[in-house]
Amino acid sequence: MPKNPNVIDYHDQMIIAHAVVASVATLITAPAAILIGRYFRSRSWWFKVHVLLQSVTAVFVILVFSLGIVAVGSGGNGNQLTGPKMDPHHDLGLAVLVLFLLQFVLGIGAHYTHSASPAHAKDPAFPTMTTPKSALRHLHVVCGVVMTALLYAGVKTGMDEWDMVSDMGTLVPQPVVVLYWVIFGFEVAAYFFGWVMEPIRASRSRPSSIDEREKVPA
C-alpha cells in the first residue's frame, strides 16, 4: 500500500529529481555527444561541442548516482547495491558511473594520442573503423556506446521501479513511456543510419586524416 497517497514526500522528491536528470543525460546530452561524433567529424567545431556535451553528461551521471543513493537511503533501504535487497536498477547505475568515467578518461587520452599514418588505408569503406588510430579511441567509442545502452536500460528499469516503490502509489504515465520509446528508437536509428551511410560519405570526401579533422584551433 502507498505510504503517503497524493503526497510527494522527500523520498519521492529525490526519485523524481533523479529521474529527471537521468532522462536529460540519457535522451539528450549523451546521445547528442555520440551523434555529433558520428555525423559532424568533418566540421571544425565538432570536437569542442562533443567535449562540452560529454562534460555536462559527466556532471549529470554523478548527480544522478548521488540522488539515487540519497533516495534509496531515505526509504530506509541502505544502498541496495549488496545484500538481499540488491536491485538491478541500482547495479545498472553503478555500471554506468564506472563506464562513463572510464570512457571519459579514455577520450582525453585518445585526443592526445597521435594516430598512425593513414597512408596505408586507401579509401576505406568504413574509415572510423579501419583508419589506423590509437587503441584508446576504439575503447573510448565502445565504452561510450555500451554506457549509453546501459543508460537507456537504466531509465526503463527506473520507470518500472517507480511503479513499485513510489510512496504516493502512482504509476508512470503511459504517454511518458511511449515518448521514451519514440526518442529511444529515433536515436538508435540515427546512430546506425550514420554508420551505414559512412562509406558513402567517405567516398564523397577527399582523403584526410581523422587527426587533422580533430584539431581544435588555438
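Note that the structure is a prediction, hence the values are computed from the model and not measured.

Each value, and the rule that gives it
- Residues numbered from 1 in each chain as written.
- Predicted model: local features only at pLDDT ≥ 70, side-chain atom pairs only at ≥ 80, totals over all residues.
- Heavy atoms only, no water.
- Helix = DSSP H or I, 4+ residues; strand = E, 2+ residues; numbered from the N terminus.
- Buried < 20%, exposed > 50% of the residue type's maximum accessible area, 1.4 Å probe, protein only.
- Contact = heavy atoms within 4.5 Å.
- Areas by Shrake-Rupley, 256 points an atom, 1.4 Å probe, with all protein chains shown as cover.
- Phe/Tyr/Trp six-rings, centres within 6.5 Å; stacked < 30°, edge-to-face > 60°.
- Lys NZ or Arg CZ within 6 Å of the ring centre and 35° of its normal.
- Axes fitted to C-alpha atoms, helices over the stretch in contact; angles between N-to-C directions.
- Parallel < 35°, antiparallel > 145°, perpendicular 65-115°, else oblique.
- Left-handed = near helix turned anticlockwise from the far one by under 90°.
- Nonpolar A, V, L, I, M, F, W, Y, C, P; charged D, E, K, R; others polar.
- Core = buried A, V, L, I, M, F, W, Y, C linked by side-chain atoms within 4.5 Å.
- UniProt positions renumbered as here; feature names shortened; annotations may be inferred.
- Salt bridge = Lys/Arg side-chain N within 4 Å of Asp/Glu carboxyl O.

1. Structural notes on the overall build of the chain
No. 1: Regarding its fold elements, the chain presents seven helices and zero strands.
No. 2: The proportion of buried residues among the 218 residues of the chain is 36%.
No. 3: Partitioning the contacts of the chain with sequence separation of at least 6, the portion at a separation of at least 24 is 75%.
No. 4: Split by element, the accessible area of the chain, about 12,500 Å² in all, is 72% carbon and sulfur.

2. Considerations on the packing of aromatic side chains
No. 1: Applying the stated criterion to the full structure yields eight aromatic pairs.
No. 2: Joined through ring pairs, the aromatic side chains of Y152, Y180, W181 and F184 make up one cluster.
No. 3: The cationic tip of R38 hangs over the ring face of Y191; the distance from NZ or CZ to the ring centre is 4.9 Å.

3. Here's the deal with the packing of helix α2 (residues 46-74) against helix α3 (residues 88-111)
No. 1: Contact pair α2 / α3: the axes reach a minimum separation of 10 Å and the direction vectors enclose 155°. Taken together, the axis directions place α2 and α3 in an arrangement best described as roughly antiparallel. You can see that α2 and α3 cross each other, and the crossing is left-handed. Residue-level contacts link F47, Q54, S55, T57, A58, V61, I62, F65 and V72 of α2 to H90, G93, L94, V96, L97, F100, Q103, F104 and H111 of α3.
No. 2: Here the contact of α2 with α3 is built from residues that sort into 11 nonpolar, seven polar and no charged.

4. What about the nonpolar core?
No. 1: Among the nonpolar cores identified, the biggest contains 16 residues, and M159, W162, V172 and Y180 are the most heavily contacted of them.
No. 2: Elements supplying a minimum of two residues to this core: α1 (10-39), α2, α5 (135-165) and α6 (174-204).
No. 3: Of the residues forming this core, the biggest block, five residues, is contributed by α1.
No. 4: Every residue in contact with Y180, bar those within four places of it in the chain, is listed here: L27, Y152, A153, V155, K156 and M159.

5. Concerning the UniProt feature "transmembrane region" (unreviewed entry) in the chain
No. 1: Under the feature "transmembrane region" (unreviewed entry), the UniProt entry names residues 15-37, 49-72, 92-114, 135-155 and 175-196.
No. 2: When the span residues 15-37 is considered, its composition is 100% helix and 0% strand, and the gap between its end C-alpha atoms is 32 Å.
No. 3: Along residues 49-72 one finds 100% helix and 0% strand; the C-alpha atoms at either end are 34 Å apart.

6. Quick word on the packing of α1 against α2
No. 1: One can describe the packing of α1 onto α2 by two numbers: an axis separation of 8 Å at closest approach and a directional angle of 160°. Relative to α2, the element α1 lies roughly antiparallel. Crossing hand, α1 versus α2: left-handed.
No. 2: Of the residues that constitute the contact of α1 with α2, the class distribution is 22 nonpolar, nine polar and no charged.

7. Description of the environment of H111
No. 1: Structurally, the position occupied by H111 is in helix α3.
No. 2: Separated by 26 residues in the primary sequence, H111 and R137 place their C-alpha atoms 7.9 Å from one another.

8. A word on the pattern of salt bridges
No. 1: Within this structure, the stated rule accounts for one salt bridge.
No. 2: D160 is the salt-bridge partner of K156, the closest N and O atoms lying 2.9 Å from each other. Highlighted residues: K156 and D160, both in helix α5, separated by four residues, approximately one helical turn.

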